[in-house]
Amino acid sequence: MKSLPYFSRGEVIRGFGRGSKELGIPTANFPDSVVDNLPADIGTGIYYGWACVGNGDVYKMVMSIGWNPYYKNTKKSMETHVIHTFKEDFYGEILSVVLVGYIRPERTYNSLEALIAAINNDIEEAKMTLELPEHLKLKDDNFFTSALSPSSALPPTSASTSQTILNGH
Ligand code: ADP
Ligand code: MG
């Protein structure tokens, strides 16, 4: 996928009420304005990368890019599970992410247990793979430190370690 790593940020909105949190795996949803900016070669499936809420710490994440039921599955959705336990929900905050790599395609599962097991495998794979030096580098990208600065809507300076694409906010 030539568009990886892919940098993106936007407000955390309410999702589809699928009860991800009840499964122990809450997913922060991006609005359409962010999803609409996804390059065509970033298809549906499960991705790993880095994420930060507001100007907080940068954590590992897994993201599901899937088909949005609200649009009769013609439009993508982006849902990020940050691999960290937060004290509180962060609806309305700005979530910054970098998609680093692809794990697997989307699929359906015969049971909730099988789904949860698959997601936990994704989380383990993300945790391990992101320890590679070339991926750890992205955790320190200027993109994250500039998250809430007034210049964050401007194109990145040459100091950024890689191509930065901003959308939404
Ligand atoms: P929704 O359908 O509204 O997306 P979820 O059950 O998927 O509901 O929960 C997502 C919300 O949980 C996020 O918007 C965020 O405010 C909160 N949250 C708490 N911890 C996390 C986390 N580790 N990763 C993602 N979201 C989290
Ligand atoms: Mg969600």
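In the block above lies the structure referred to throughout.
In this numbering scheme, every chain counts its residues from 1 along its sequence in written order. Whichever chain is written first becomes A and whichever ligand is written first becomes 1, with later ones labelled in order. Two thresholds apply to this predicted model, a pLDDT of at least 70 for residue-level local features and 80 or more for giving and counting side-chain atom pairs, whereas whole-chain, interface and lining totals are computed over all residues. Processing note: side-chain calculations cover all non-hydrogen atoms of the structure and skip hydrogens and water entirely.

Secondary-structure assignment places aspartate 122 in helix α2 (residues 112-129). The contact partners of aspartate 122, leaving out residues within four places of it in the chain, are Ile46, Val62, Ile103 and Arg104. A run of DSSP states H or I qualifies as a helix once it reaches four residues; a run of E qualifies as a strand once it reaches two. Both are numbered from the N-terminal end. Between two residues, a contact is recorded if the distance between any of their heavy atoms is within 4.5 Å.

This part takes up the pairing of strand β4 (residues 58-67). Most of β4 is tucked away, with eight of its 10 residues classed as buried. A pair of strands is labelled paired if DSSP reports no fewer than 2 bridges between them. Note that strand β3 (residues 45-53) and β4 share eight bridges and pair antiparallel. Across the sheet, residue glycine 49 finds its bridge partner in β4, namely methionine 61. Hairpin connection between β3 and β4: a loop of four residues separates the two successive antiparallel strands, and glycine 54 in this loop has a positive phi of roughly 60 degrees. Each residue gets one of three labels from its accessible area relative to the maximum for its type: buried under 20%, exposed over 50%, partly exposed in between, using a 1.4 Å probe on protein chains only.

Working definition: residue near molecule or strand if any one of its non-hydrogen atoms lies within 4 Å of it. Around ligand 1, the structure places 19 residues, and the nearest of them are Gly15, Asn29, Val82, Phe90 and Tyr91. In protein, a polar contact means a hydrogen-donor-capable atom and an acceptor-capable atom, both N or O and within 3.5 Å, with residues adjacent in sequence counting only if both atoms are side-chain atoms; elsewhere, any N or O pair within 3.5 Å suffices. Contact between ligand 1 and serine 20: an oxygen atom at 3.4 Å from a side-chain N or O atom of the residue. Contact between ligand 1 and phenylalanine 90: an oxygen atom at 2.7 Å from a main-chain N or O atom of the residue. Within the complex, 93% of the 570 Å² of free accessible area of ligand 1 lies under protein. Using the Shrake-Rupley algorithm and a 1.4 Å probe, accessible areas are obtained, with residue cover drawn only from the displayed protein chains.

So, about the packing of aromatic side chains. Two aromatic rings, drawn from Phe, Tyr or Trp (for Trp, its six-membered ring), form a pair once their centres lie within 6.5 Å of each other, and the interplanar angle then sorts them: stacked below 30 degrees, edge-to-face above 60, tilted otherwise. Applying the stated criterion across every chain, the model contains five aromatic pairs. Between tyrosine 59 and phenylalanine 86 the ring centres are 5.8 Å apart and the planes differ by 85 degrees, which places this aromatic pair in the edge-to-face class. Within this pair, whereas tyrosine 59 is found in strand β4, its partner phenylalanine 86 is found in the loop between β5 (76-82) and β6 (94-104), the two being separated by 27 residues in sequence. A relative accessible area of 28% places phenylalanine 86 in the partly exposed class. Of the aromatic side chains, those joined through ring pairs into one cluster are Phe7, Phe143 and Phe144. Here, a charge over a ring is recorded when the distance from Lys NZ or Arg CZ to the ring centre is within 6 Å and its angle to the ring normal is within 35 degrees. Positioned above the aromatic ring of tyrosine 91, the side-chain terminus of arginine 14 is 3.8 Å from the ring centre.

So, to be careful, I would describe these as geometric facts and stop short of saying anything about function.
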